[in-house]
Each structure stands twice: as structure tokens, then as C-alpha cells.
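# Report on the structure
Chain by chain, the residues run as shown.
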Amino acid sequence: MPPFGFLHMRAWASLFGQLLRSPRAVCIREVHFHSQFAEAVLTSHLKPQQEKTNFIIKTPKGTRDLSPQQMVVREKILDMVVGCFKRHGAKRLDTPAFELKEMLTEKYGEDSGLIYDLKDQGGELLSLRYDLTVPFARYLAMNKVKKMKRYHVGKVWRRESPTIVQGRYREFCQCDFDIAGQFDPMIPDAECLKIMCEILSGLQLGDFIIKVNDRRILDGMFAVCGVPESKFHAICSSIDKLDKISWKDVRHEMVAKKGLAPEVADRIGDYVQCHGGISLIEQMFQDPRLSQNKQALDGLGDLKLLFEYLTLFGIAEKISFDLSLARGLDYYTGVIYEAVLLQTPAQTQESFNVGSVAAGGRYDKLVGMFDPKGHKVPCVGLSIGVERIFSIVEQRMKTFGQKIRTTETQVFVATPQKNFLHERLKLIAELWDAGIKAELLYKNNPKLLTQLHYCEDMGIPLVVIIGEQEMKEGIIKLRSVASREEVAIKRENLVAEIQKRLSES
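Reading the values: the criteria
Residues numbered from 1 in each chain as written. Predicted model: local features only at pLDDT ≥ 70, side-chain atom pairs only at ≥ 80, totals over all residues. Heavy atoms only, no water. Pairing = 2+ DSSP bridges. Helix = DSSP H or I, 4+ residues; strand = E, 2+ residues; numbered from the N terminus. Core = buried A, V, L, I, M, F, W, Y, C linked by side-chain atoms within 4.5 Å. Buried < 20%, exposed > 50% of the residue type's maximum accessible area, 1.4 Å probe, protein only. Contact = heavy atoms within 4.5 Å. Salt bridge = Lys/Arg side-chain N within 4 Å of Asp/Glu carboxyl O.

## Considerations on the sheet that holds strand S4 (residues 126-128)
- Read from one edge of the open sheet, three strands run S2-S4-S3, paired in antiparallel fashion. Only two strands of the sheet have a single partner each, and these edge strands are strand S2 (98-100) and strand S3 (117-118).
- Pairing analysis gives two bridges linking S3 to S4, with the strands arranged antiparallel. By the bridge assignment for S4, Leu-118 is matched with Leu-126.

Set out below in C-alpha cells:
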């Protein structure tokens, strides 16, 4: 026997069918409406219930949301970084989040497999940008720009295994500074290292060191050690892992996976474990093997000049000539550098190792790869690891329990009485028009205690209070949230008094 609900719906449908055929004076619009309604209800009852699939609400792997508290910290870091870039005369540039796939291929060596390709939507093969450097080189070539000092803040994407605790993500923000153009050797390079020192010192992350090397020295070292030229890039990528894994594991990768002769790997090992300052550069000039290679000598000569300029900038003690530094990206051609923290201020039980926090180098041939005639524009630049720095600052703030204001509200407009919404709205409009950051509660008759508690919770420094007595006397009460002191101010002097207090705080 069919369920009662089913018969009930069929009866309704039959009734409305009869009404449509009835000669009686029935409003056609009403009949038509009720007929459609009955049909819709009947259909919904007859249609089998769709099973809801269970799903977890989350962000994609390697990505994250940033809370208002986190955004405050992030903006402070970015403001400090961008402020330094501007102090050194850089202009801001932006490029699309995705590029033609062919623009990005063969630029990143073994890391090319980490590029996010997009599904073909309109006849173009596209990829999300992997970094900000290659798009900058494409911009220079496309617009025939020969000289430029630019900075760029934007997101990039990489399909690597994320390590969230160490500030590594698949989607992350980069802050780049680059100098393009033909200039005398090592002057722009020295300025880039000075900028890195200024930013890392200004952020007060702890003690740091900037490792420096030169790709010409690396290639010369590979040559004199007996590495076939066809394996230079592959071996360079292995050496680049020395900050993450031991020399034993790197040696195994070079020999077992990349086919390098064991004795050649051992010769490389003698070099890559060397690090120091200007004295090591002098020592390498005297090295019986390395001194026979022109590429290596050119690189050593530039590093010697670089250290001279770094000494004049007063930062030479922060720089270490490190033969293990490789920077695996294919486009580097000369000086390369990478900043690492020696310690972090957060005194935690476990070590909080985030790897490098800034890096860069010289890439003199990249722009020429985009130019139809191969015209080169020498470039040197740096990238600040904002996500890793942010992870360190977050960890430090958790350790010390620091509270963060998520708004910049300066004044709160309050009332102790009912029916004063219109007066509050007029008053807050006056403050906004004067450029004062102000708020009120979105209620007709809020309680005064609720309003004052909101100010304390949000860290709002000043409250203006308006009521019947204040209206009669033509004044406004100005209250300090911290001291709870109140003073009466003439209505016409309110804005000037608030601006005075804010300028003094």
C-alpha cells in the first residue's frame, strides 16, 4: 500500500487538474499557480533523496589562511622590507600570476618539475609563476629595458612537499629586489648584500651569516676535480643540498644516482668543506688546481673586490666565503649568496630550523634568453624569505605571549543613554571626515559598560562620550581608556583635541 503522503499529493494533483478543466469562473492565474505548485511538490516527493557526500572543509595542501592577527604581523614585516627597498631607490613592479609555459621551462634545472601547469583554457599553455626573477627578466626583454632597479612583492607557487613547521609552503609570498643594467663590477652586488644585512638586522631575528660563493668558482672547481661538463648542473644541484643533508649523503647521491666517479666526488669534498673570509679567497688563489682554471680565477677576483666593498659598507664580518654554497637554479652566472640564522630569539626545547631566510645572486644571461637577438642585460638581485621569517616571528610571539592589535581604531564613539544613535552617527562622521580612525557599536541602545569593554579588548586608546547632559552644555567627554580619566571638551574643539593627543602618543 502506498504511503499516505503519496496519495495525498496525487489527490491534490487530480483536484488541480479538474479545476483547470472546470467551466466555472476561476481566476486563471490562481489556477495556473496552484497547478505548478502541486506539480513541483509531487515531483519533489517522488524524486529519490540524494545522498550527501561527506567532505572535510580545509585549505589545499601546502596553503593556509592568515588570521587578522597574523596579517598584522605580516604587514609589519613587509612594511619594513619594502621600506628598505625604497630607501635604496627601487621602483615597484608587478607581473601576472601565470606566464606562458614556454617562458618558464629550462630556467630552473631539476626544479622545473615543481612548476604548476594550468589546464589549457584558450589555446595557450600556461603555468603559475615559480619565482619573481624569470618574469622580471621577461619584462625587461619584452619592453627593451636596459637599466632598472625594481622591487616586487607577490605570491609564487611550487609543487614541492610542504614543511609547514619550517615555513615552507606550496603557495608563498616572495619579496624581491633586483638591479638590472651594465655597471662596474661588484658595486650592485655589494649593495644587495648590504640590503640583506639591513633587513635581517632590522627584523631582529637573531644572529645571522650570509654565505657567498660564485658559480664560476663552482664550475672551475668541478672542472679541475674531473666532473664531465655535461654533469655540471646535476652535480651543482646535489651540492646545493649540503645545508639540508650530510656530505656523506650528498656524495652517495652524486656517485650512485648521478654516475660520478668516487675519486672525483672525494676531490669535490676537499673543497666544499672550506669556508672563511678574505683569507680563504687568497688561499684559493694559491690552490695548485683551482689557480689553473680561468673561470675560477675570474670568480675569485670578483669576490676579492666584493669583500673590499663589503668592508667599506661595514658588513664584512657578516659575510662568509663558503665553497659549499651552490644555489641550484640554472640561471645564476656569477656571485651567489644565502643568509641563514645562527640562532633564533625564541628559547624553545626543540630547535626551530627554517633554513635560509634570504638568498640571491647574479644572472647575466637570463634576459638574453627572452630576447630574439640574444641581447643581454646583466642583473643581480635578492629575495627575502617572508614566510620563513614570519614563522620565526610567530614562534617568538607565542613563546612570549605577545598580544596583537588587529585594528588601528583611534577613537570609539559611545553613549550612556538610549535614543542617541543619530547623535553618534553625526559625531563619528565628523571624526571620519577629519581623517580620524573611529568606530561605534552597531546597536541603537548599547550599554555603556559593553562599549567600554569593547575598547579595552580592542586596544582603542580614546572614547568620546555623548549624552543628554553633554548635549545641553555643548560639550563632549573625552575618556582615556588606559587611565580612565575623563575631560570635558567643547564640541567645536573636539577634533583638534583628539588630533593633538594622537600626535603626542
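That was the structure; now back to the text.
## A few points about the nonpolar core
- In terms of nonpolar packing, the biggest core is built from 103 residues, with Phe-85, Ile-239 and Ile-268 touching the most fellow members.
- No other element matches the eight residues that helix H6 (residues 187-202) contributes to this core.
- The residues touching Ile-239, leaving out its near neighbours within four places in the chain, are Phe-222, Trp-247, Val-250, Met-254, Ile-268, Val-272, Ser-324 and Ala-326.
- Ile-436, Leu-462, Ile-466 and Leu-494 belong to the second largest nonpolar core, which has 18 residues in total.

## Considering the pattern of salt bridges
- Taken as a whole and assessed by the stated rule, the structure comprises 29 salt bridges.
- One salt bridge connects Lys-149 with Glu-191, and the closest N-O pair in it is separated by 3.7 Å. With a gap of 42 residues between them, Lys-149 in strand S5 (residues 148-157) and Glu-191 in helix H6 connect regions that are remote in the sequence.
- For Glu-191, a relative accessible area of 18% corresponds to the buried category.
- Between Lys-477 and Glu-470 there is a salt bridge, with its nearest N and O atoms 3.6 Å apart.
- A residue is classified by how much of its surface remains accessible, and Lys-477, at 30% relative accessible area, is partly exposed.
- Each member of the salt-bridge network shares a partner with another, and the members are Arg-64, Arg-74, Glu-387 and Glu-394.

## Description of the sheet that holds strand S14 (residues 438-439)
- Overall, mixed pairing links the five strands, which are arranged S14-S13-S15-S16-S17 in an open sheet. Looking at strand neighbours, the two that pair on one side only are S14 and strand S17 (486-490), the edges of this open sheet.
- The sheet contact formed by strand S13 (residues 411-414) and S14 spans two bridges and is parallel. Its bridge partner being in S14, Val-411 is matched across the sheet by Ala-438.

## Notes on the pairing of strand S10 (residues 335-341)
- When you tally the buried positions in S10, you get seven out of seven residues, the bulk of the element.
- Burial along S10 is two-sided: the residues Val-335, Tyr-337, Ala-339 and Leu-341 and Ile-336, Glu-338 and Val-340 are all buried.
- Here seven bridges tie strand S7 (residues 208-214) to S10, and the two strands are oriented antiparallel to one another. Paired with Ile-210 across the two strands is Ala-339, which belongs to S10.

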